[in-house]
Amino acid sequence: MKVYRTACPRDCIDCCSMLAYVDENGRLAKVKGDPDHPVTRGFLCPKGNSYVELVYHPERLLHPLVKRNGRFVKATWDEALDIVATKLSEILEKYGPLAVLHYHYSGSEALTKHLDTRFFNALGGVTRVEGDLCFSAGLAAQTYDFGGLMQNSIEDLPNARGCVLWGRNVKSTNIHALPFITECVKKGGKLAIVNPLSTGLEEAAHLVVRPRPGTDAALALGACRYLLEREKLDRDFIEKYTFGFERFKEVLEDYPLARVSDITGVDRDDIAKLAMFYAENRPVTTLLGFGLQRYRGGGSAVRAVDALAAMTGNIGEPGAGVSYCSDTYWEAGSLVKGASSAGRAFNVWSLGRDILKAEPPIKIAFITNANPVVNAPDSGNLVKALRQIETVVVVDLFLTDTAKEADVVLPCTTFFEEENIKVSSWSPWIYYCPKVIEPLGEARSDEEIFIELAKKIKLKGFPWQSPAEFLEFAAGAFEKFGVSLDRLREEGHIKNPFAPDVAWQDKRFRTPSGRFEFYSQRALSEGQSPTAVYVTPESEKDPYPYHLITPHSRYRIHSQFQITEYIKRLNPTPKVYINSEEGARLGLKEGQEVEIYNDTGSIKARVYYDPKMRKDTVSLESGWNVESGACPNFLILSRVSEMGGCAALYDVKVGIKSLR
């Protein structure tokens, strides 16, 4: 067999290096974790282990599809692209570019996948989708605090004496962090978990704190006040490297332990223990998850955790930092996308509603790299909105729930069938992804599809004639790191020599003051609180008893991979989890079918007990398709974080009842 070193392009923290084995017939035979990569270490998650089946899955789309009389029929590429080009040109001439909607998300994070965004920027003035489903409240927060985004290398974690998993379930979403956490603990480090849900690591933890969902800011601010009252601070760090601490101290007057305990549902002793964990176990690394910022006050939650780390000097030292993500490679993405053109913007967190009320209305929609029917909020409204659009064009590997609503579906290649580069917000590595096998059927890369469409409509300002030509252009973004496409082709993956292992070690923050900012004038000028504060979740007014958390699955990336038999065996049916005592009180029996409901919708799943969960919370994995009857986004309202435009996906309450 031929063996190729490549990398997983999924939207995932781990960023795995992989070995792809191709047999003598040119068929992908197996995929393994790269044993020589210092983070991947030779193993993959269940998703990575299902890649071969995904590539050759019998339901994979291998020909263009056009809907006629409500049914999909096969079409040639010329027919399909002519239909799209003709419709697009007619709509542009009759209604103008505002009638054109483009939605792109993170189905693949390979470098050139945003060429479609560049296509629509070149087209000019279209309706685009702004906001984020993932982590943008935290991005805004850390930009206020640090002036930018950096994180310690996961390889630095064993230098910590304390590790806090704040809202991050590494067993599900960051499995390659586990060896480094284990090494940290073996060396005498302590582990703390802050999460309303169980994570599977509680037995190894020295401290477990379960706050009421959406109250992380109050918890962190209460811990800050506790430390302030006892002078358990790093005064040297505060005085030399921070700005606005005196103003922040005034805010902390509002967060005595008694009030914070009432807000969070956490005992005062546990709040104190969390505070002292940061003060007594230095250096402390905090690995932040994304769930704590998927509430109305999500940005402030991240700012409060940042402040707790800064007060105790747990920033900018080996083993110390608040790891969320890095903006090192964002310029590469901007180069690929090109300059944004004037038009109008809809919000990802209210997309269905925005389409339905649009004036002028949307006449044609292009959906790429995404499955918003399942992954965007208020799925019911979004389906209704897509059905009122004259022409919907979807590019995908499979007939997803979004693709089913399309008029034209264009089949794309997997990353094994094309050459590309992968970089990430969570890794210093620049990964080279060679073409490993020939495209299956008539599948084409996303890049080829939009280059051909550009030719058909004679799009100006879009000079590339092939995906290879565009990749050469895009790879220019890495020249400032001393990395070229030719070098990647020759050497394979390259670790960026300019990416530090320890974030902010030089204490040169990118804020206006050049310091870590407890108090941000920039935040104030943008209509935000200048300091971290607790913002009550919007769902507090909902007339239902249970917070609904829809965490990411260890078996899927959003809605991807569930189609494979390998994943179906591991994760066959939707499960909603509830605290054991609470489930018994409601008369629910494990394994029985239940209804989860609110004013937005109703879904069904089988209920299971988790004795470690909070009693006021239920959880159901995100990403289940519509056919399963358990797509949780039919329950999720159009709500947004106070900063960053992040969909407040967890800011929702529901009821649960037996269907027997």
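We now turn to the structure provided with this report. (Residues numbered from 1 in each chain as written. Predicted model: local features only at pLDDT ≥ 70, side-chain atom pairs only at ≥ 80, totals over all residues. Heavy atoms only, no water.)

A closer look at the packing of aromatic side chains
Then step 1. Within this structure, the stated rule accounts for 35 aromatic pairs.
Then step 2. Residues Y51 and F415 carry aromatic rings whose centres are separated by 5.2 Å and whose planes lie at 75° to one another, so their mutual orientation is edge-to-face. Highlighted residues: Y51 in helix α2 (residues 51-55) and F415 in the loop between β17 (408-411) and β18 (420-424), separated in sequence by 364 residues. Across the pair, exposure class does not vary: Y51 and F415 are buried alike.
Then step 3. Relative to F366, the ring of F120 has its centre 5.0 Å away and its plane inclined at 55°; by these criteria the two rings are tilted. One end of the pair, F120, is in helix α4 (residues 115-123); the other, F366, is in strand β15 (residues 364-368), with 246 residues separating them in the sequence. One exposure class covers both F120 and F366, and it is buried.
Then step 4. In this arrangement the basic side chain of R27 is found over the ring face of Y56, its NZ or CZ atom lying 3.7 Å from the centre.
Then step 5. Positioned over the ring face of Y21 is K30, at 4.6 Å from the centre of the ring. (Phe/Tyr/Trp six-rings, centres within 6.5 Å; stacked < 30°, edge-to-face > 60°. Helix = DSSP H or I, 4+ residues; strand = E, 2+ residues; numbered from the N terminus. Buried < 20%, exposed > 50% of the residue type's maximum accessible area, 1.4 Å probe, protein only. Lys NZ or Arg CZ within 6 Å of the ring centre and 35° of its normal.)

So, the packing of helix α3 (residues 77-95) against helix α18 (residues 446-457)
Then step 1. Between α3 and α18, the least distance of the axes is 10 Å, while the angle of their chain directions is 55°. Between α3 and α18, the angle falls in the class oblique. Judged by the twist between their axes, the crossing of α3 over α18 is right-handed. Seen from α3, the contacting residues are W77, D78, L81, D82, V84, A85, L88 and S89; seen from α18, they are I449, E452, L453, K456 and I457.
Then step 2. For the contact of α3 with α18, the residue count by class is 8 nonpolar, 1 polar and 4 charged. (Axes fitted to C-alpha atoms, helices over the stretch in contact; angles between N-to-C directions. Parallel < 35°, antiparallel > 145°, perpendicular 65-115°, else oblique. Left-handed = near helix turned anticlockwise from the far one by under 90°. Contact = heavy atoms within 4.5 Å. Nonpolar A, V, L, I, M, F, W, Y, C, P; charged D, E, K, R; others polar.)

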